[in-house]
Amino acid sequence: AEYADPRRHCVVFPEDVPADGVYVHNHPNGNVFSAEDLHIARLTNVREMRATARDGTWVIRRPPGGWPARDVVSRAMRDLHAVAGAVASARMRSYVQSVGGKVEDGVHALGFDNNVFQSWSRDVLRDEWPNHLPEVTLEWEPRVAREEGVGVPVGAGDRVPETPAAGVLPGG
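These numbers come from a predicted model, not from an experiment. (Residues numbered from 1 in each chain as written. Predicted model: local features only at pLDDT ≥ 70, side-chain atom pairs only at ≥ 80, totals over all residues. Heavy atoms only, no water.)

Caption draft 1: Local environment of the environment of R47. Mapped onto the fold, R47 is located in the loop between α1 (35-44) and β2 (48-53). The partly exposed category is assigned to R47, whose relative accessible area is 28%. Placed 26 residues apart in sequence, R47 and G21 show a C-alpha to C-alpha distance of 5.5 Å. (Helix = DSSP H or I, 4+ residues; strand = E, 2+ residues; numbered from the N terminus. Buried < 20%, exposed > 50% of the residue type's maximum accessible area, 1.4 Å probe, protein only.)

Okay, here's the thing in structure tokens:
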């Protein structure tokens, strides 16, 4: 039997993460922060966590009262993902039916794929976040388009520079 390489499915952070630092890692699929990300933020007490995606960066900052407890985060994230999945599934059913398809047939509508579903789910996660974790503000910083050689390239054909898997920047 094949076993998954755990290094491909988790973020490994340095043992000497400075308190009040900024923890930076990537989310190649563009998803918002996971419960595990928030647990790492709490355990390390970083001031800020950033997750860089192809088209921008998700940012959360430590609330004035500190990071929420593990059980609060776990419950909130479970509920948040349940809502996002339900809304994205309803959108998918509506979309497939609008073009004459039947969801129960298991046939995808032209132009619909898992990336569309993930995009809808991501939108709901972002929009619903304040209803589930109001003490942790979620921000999205879009990539800046290149102007006269300045900024980060954005677009279908542009290659975005590789982001380190994880890293810590000292607080400032």
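And the narrative resumes.
Caption draft 2: Structural detail: the pattern of salt bridges. Enumeration according to the criterion identifies eight salt bridges in this entry. Residues participating in the shared-partner salt-bridge network are E48, R50, R61, E139 and E141. (Salt bridge = Lys/Arg side-chain N within 4 Å of Asp/Glu carboxyl O.)

Caption draft 3: Structural context of the pairing of β2. Most of β2 sits inside the fold, with six of its six residues counted as buried. Neither face of β2 is exposed, since E48, R50 and T52 on one face and M49, A51 and A53 on the opposite face are all buried. Summarising the sheet, strand β1 (residues 22-26) and β2 pair through five bridges and their orientation is parallel. Residue pairing in the sheet places V24 in a bridge with R50 of β2. Of the crossover connections in this fold, the one passing from β1 over α1 to the parallel β2 is right-handed. Here β2 folds back onto strand β3 (residues 56-61), and the loop between the two strands holds two residues. (Pairing = 2+ DSSP bridges. Right-handed = clockwise from strand over helix to strand, strands pointing away.)

Caption draft 4: Quick peek at α1. Most of α1 sits out of view: seven of its 10 residues are buried. When α1 is considered as a whole, its buried residues turn out to be A35, D37, L38, H39, I40, A41 and T44. One or two steps after α1, the chain reaches N45, where phi turns positive at roughly 55°.

Caption draft 5: Representation of unusual backbone geometry in the model. Located in the positive-phi region is N45, a residue other than glycine, with phi close to 55°. Mapped onto the elements, N45 comes out in the loop between α1 and β2. Judged by its relative accessible area of 34%, N45 is partly exposed.

Caption draft 6: Here's a closer look at the nonpolar core. Core analysis: the biggest nonpolar cluster contains 24 residues, and F33, L38, I60, M77 and W129 have the highest contact counts within it. In terms of residues, this core owes the most to one element, helix α2 (residues 70-98), which gives five residues. Apart from residues no more than four positions distant in its own chain, I60 is found in contact with F33, L38, R47, E48, M49, W67, W129, V136, T137 and L138. (Core = buried A, V, L, I, M, F, W, Y, C linked by side-chain atoms within 4.5 Å. Contact = heavy atoms within 4.5 Å.)

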